[in-house]
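Letter by letter, the chains look like this.
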Amino acid sequence: MTTEATEAIGAAATATGPADELRARTLDDIAGMLRELLAEEGLDDIGIDRDTRFHDDLELESIDLVTLAGSLREHYGERVNVALFIADLELDEIIALTVGRLVDFVTDSLRSAP
């Protein structure tokens, strides 16, 4: 787990940092990971915010979501299991999935970590 991820978990666990700060850092982390994925397509300068949709805006394929899930698990550890989160979604929910919804899942997972 990276130092940033450890700090995010620590801030969430001790409740010393506001939830908005944790969400903002998580959004930055996820946006960075997405830019790395998109760099292979030459799209690393695309704007990414909470309303950005994985399918419609970023045109990510399911394999890209699997790659992102692996990156998130590597970055944050076992507490953030995006594969299980996505597996619980219906197809139309996956197609409509936004970065913000993923950020909320990650931060909720970090905040509920023991």
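Residues numbered from 1 in each chain as written. Predicted model: local features only at pLDDT ≥ 70, side-chain atom pairs only at ≥ 80, totals over all residues. Heavy atoms only, no water.

(A) Broad picture of the overall build of the protein. Secondary structure assignment for the protein yields six helices and zero strands. Counting from the amino terminus, helix and strand elements in the protein follow one another as α-α-α-α-α-α. The buried share among the 114 residues of the protein stands at 39%. Sequence separation of at least 24 residues holds for 65% of the intrachain contacts in the protein that already meet a minimum separation of 6. (Helix = DSSP H or I, 4+ residues; strand = E, 2+ residues; numbered from the N terminus. Buried < 20%, exposed > 50% of the residue type's maximum accessible area, 1.4 Å probe, protein only. Contact = heavy atoms within 4.5 Å.)

(B) Focus on the layout of surface pockets. Approximately 220 Å³ is the volume attributed to the largest pocket. Lining the largest pocket are F54, H55, L60, E61, S62, L65, V66, A69, A83, I86, I94 and I95. If you list the elements that add at least two residues to the lining of the largest pocket, you get α3 (62-76), α4 (82-87) and α5 (91-95). With four residues, α3 is the largest single contributor of residues to the lining of the largest pocket. Among the residues making up the lining of the largest pocket, the classes are represented as nine nonpolar, two polar and one charged. Tallied by class, the residues present in the lining of the second largest pocket amount to six nonpolar, no polar and six charged. (1 Å grid on protein atoms, 1.4 Å probe; cavity = no way out; pocket = protein on both sides within 12 Å on 5 of 7 lines; lining within 4 Å. Points joined across faces, edges and corners; volume = space filled by probe spheres on them. Nonpolar A, V, L, I, M, F, W, Y, C, P; charged D, E, K, R; others polar.)

(C) The arrangement of the environment of R23 in detail. Examined against the element boundaries, R23 turns out to sit in helix α2 (residues 19-39). Considered as a pair, R23 and R50 are 27 residues apart in the sequence and their alpha carbons are 10.0 Å apart. Those residues in contact with R23 that sit more than four places away from it in its chain are R50, V103, D104, T107, D108 and R111. Separated by 3.4 Å, the side chains of R23 and D108 make a polar contact. (Polar contact = N/O pair within 3.5 Å; in protein donor to acceptor, adjacent residues only side chain to side chain.)

(D) Summary view of the packing of aromatic side chains. For the structure shown, the criterion picks out one aromatic pair. For the ring pair F85 and F105, a centre distance of 4.4 Å and an interplane angle of 15° mean the geometry is stacked. With F85 in helix α4 and F105 in helix α6 (residues 99-111), the pair connects residues that are 20 residues apart, well separated along the chain. Its relative accessible area of 13% is what places F85 among the buried residues. (Phe/Tyr/Trp six-rings, centres within 6.5 Å; stacked < 30°, edge-to-face > 60°.)

(E) Main features of the environment of I48. Within the secondary structure, I48 sits in the loop between α2 and α3. Judged by relative accessible area, I48 falls into the buried class, the value being 12%. As a C-alpha pair, I48 and R35 span 13 residues in sequence and 8.6 Å in three-dimensional space. In this structure, I48 is in contact with A31, L34, R35, L38, L58 and V99, ignoring residues within four places of it in sequence.

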